[in-house]
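If you want the building blocks of each chain, they are given just below.
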Amino acid sequence: MSEDRISDSELNALVDGELDPARQAEIEAWLADDPESASRVARYRAQNAGLHALYDDILNEDIPPKIAAASQNSRAGVPPWAAMAAAIALIVVGAAGGWIVRGEAGVAPVVQVAATPRIDTQELMVRASMAHVVSHEDELRAVSTSGKAGVGDYLADRMGKPIRVPSLESFGYRLIGSRVLPDTDGPAAQFVFADETGKKVSLYVRGEQADGVDITYALADDLSMFYWNDSDRSYAMVTRVDDEQGREALLNAARMVHGQLSR
Amino acid sequence: MSTETKRQAVVAEVPRLRRYAIALMRDRTEADDLVHDVVLRALDKLHLWREGTNMRTWLFTIMHNLHANEMRRRSRMLDVVPMDAAPPRAEAAGQEAAVELSELSGAMGNLSPLHRQVLLLIGLEGMTYGEAAGVLDVPVGTVMSRLSRAREDLRRKIDEGTHTATIRRVK
């Protein structure tokens, strides 16, 4: 061997299989005469084997429910123009009533007649925002010791149909209470969440037959809302939002809840 | 490739994303929060993924960016690194390896995050230097020099066998 010692980068490249075959054979032959380098190669390979021994078990673990729920996102991969087109087709009703309704991408609405049976967005918005504004903790049924299961049972009992209890824990919002409210098509449910500063987000759920509506943005005064319909229920997530970031957060929360409820 | 097929391709990478995130962050709750955010972001941006390119490195790139943002956000906070958050060591695996697993785990915890990243991407995930450079958004030469220093640092730390139960440091 003519070189004093094999370079660091070539030793590493050997361990990582980054050398071309001819150079690899050459270096391996040199290692026989360079015990120090040979020992480093062995140590590096042992490090890699050790990392696999430490962490490979994780590959066989069940995917945590929260991540599984996120991966159910039904809007996945819909190009923005498609979501926009879907939203635009659903816009009309609210616009006349003083609401500014927009597609998720924030493009001004084009008023046109919707082709499919649509939900009564005006009714949904009024009811969801009123319920949000008047949602003092005193008015809500607190999440008691029976926890989420208790909340679900109570609501299912009064609505006559099972209803899943959504979770926004991963967004830092805790369910503080729920209640049943009268609505035109039977009882509606409201879930109220709050973060540690007391900021509230609420979810309004009312029975309503429709062909299904993708998550759509609506704005009324200082309340922002994302609503959708899953064929027999309409949902509206409502909060007070003062910037683009807050709106984005609300959208992500709506998507998460949408994923949790539509499985 | 249909949207559903792409979505499934993202889901199929979740175990590897978790393995890397847990090994990197050494806190399962935080790691799962990160992977959760990666999945949401990836599904949201799925139309931006170009067919024929590597889905795994695309997802790891998203994860690296989200993690880097989060670290910047916290840069002034007291950073507590729990050392016992590493997963339980595999039974009997690697008995003859020159590295004692508990010492390796402790030494990994004491590596700088930059060194840990590059070591995990290449040593554990089996990425090429080029792929790791893409994920970390640095030149290949930087990956190689970081990797070389990381391995030597890890070797020294294992030899010294010095690791404490918990490191607290103010960045």
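Computed from a predicted structure; not experimentally measured.

## Considerations on the overall build of chain B
Right, so step 1: When you go through chain B residue by residue, the secondary structure sums to eight helices and two strands.
Right, so step 2: Mapped in sequence order, the helices and strands of chain B form the string α-α-α-α-β-α-α-α-α-β.

## A word on the interface of chain A and chain B
Right, so step 1: Each partner contributes to the interface: chain A provides 33 residues, whereas chain B provides 45 residues.
Right, so step 2: Sorting the residues of the side of chain A that touches chain B by element identifies α1 (8–15), α3 (35–55) and α4 (65–70) of chain A as the ones contributing at least two each.
Right, so step 3: For the side of chain A that touches chain B, the per-class residue count stands at 16 nonpolar, eleven polar and six charged.

## A word on α1 of chain A
Right, so step 1: Among the residues of α1 of chain A, those classed as buried are L11, N12, A13, L14 and V15 of chain A.
Right, so step 2: The positive-phi residue at the C-terminal boundary of α1 of chain A is G17 of chain A, with phi of around 65 degrees.

## Considerations on the pairing of strand β7 (residues 223–229) of chain A
All names here are of chain A.
Right, so step 1: Burial within β7 is extensive, with six of its seven residues counted as buried.
Right, so step 2: Bridging between β7 and strand β8 (residues 233–240) involves seven bridges; their strand directions are antiparallel. Within β8, the residue paired with N229 across the bridge is S234.
Right, so step 3: Remark: three residues form the turn of the hairpin made by β7 and β8, two consecutive strands paired antiparallel; S231 in that turn has positive phi of roughly 90 degrees.

## Regarding the pairing of strand β3 (residues 174–181) of chain A
All names here are of chain A.
Right, so step 1: In terms of strand pairing, strand β2 (residues 141–142) meets β3 through two bridges, oriented antiparallel. Residue pairing in the sheet places R141 in a bridge with S178 of β3.
Right, so step 2: Relative to strand β4 (residues 188–194), β3 runs antiparallel, the two being bridged by seven bridges. Looking across to β4, one finds that V180 is bridged to A189.

## Focus on the nonpolar core
Right, so step 1: Within the largest apolar cluster, 88 residues are counted, with the highest numbers of intra-cluster contacts made by A236 and M237 of chain A together with A21 and V39 of chain B.
Right, so step 2: Both domains that meet at this core, namely domain 1 (8–60) and domain 2 (65–261) of chain A, each give it at least three residues.
Right, so step 3: Residues within four places of A21 of chain B in sequence aside, it is in contact with A31, L34, V35 and M63 of chain B.
Right, so step 4: Within the second largest apolar cluster, six residues are counted, among which are A13, L14, V15 and Y44 of chain A.

Calculation rules
Numbers given to residues run from 1 along each chain, matching the order in which its sequence is written. Written order determines the labels here, with chains lettered from A and ligands numbered from 1. Note on the predicted model: pLDDT of at least 70 is required for a residue's local features to be given, and 80 or more for side-chain atom pairs to be given and counted; whole-chain, interface and lining totals, by contrast, use all residues. Numbering of helices and strands runs from the N terminus; a helix is a DSSP stretch of H or I covering at least four residues, while a strand is a stretch of E covering at least two. Placing a C-beta atom from the backbone of each residue, one calls two residues in contact when those atoms lie within 7 Å. In the scheme used here, Gly and all other residues not listed as nonpolar or charged are polar, with Ala, Val, Leu, Ile, Met, Phe, Trp, Tyr, Cys and Pro taken as nonpolar and Asp, Glu, Lys and Arg as charged. Field definition: a residue is buried when 20 or more other C-beta atoms are found within 10 Å of its C-beta, exposed when 12 or fewer are, and partly exposed for counts in between, with C-beta atoms placed from the backbone. Two strands pair under a simple rule: DSSP has to find at least two bridges between them. Residues of type Ala, Val, Leu, Ile, Met, Phe, Trp, Tyr and Cys that are buried and joined through C-beta atoms within 7 Å form what is called a nonpolar core. Note that domain bounds follow an automatic or database assignment of domains.

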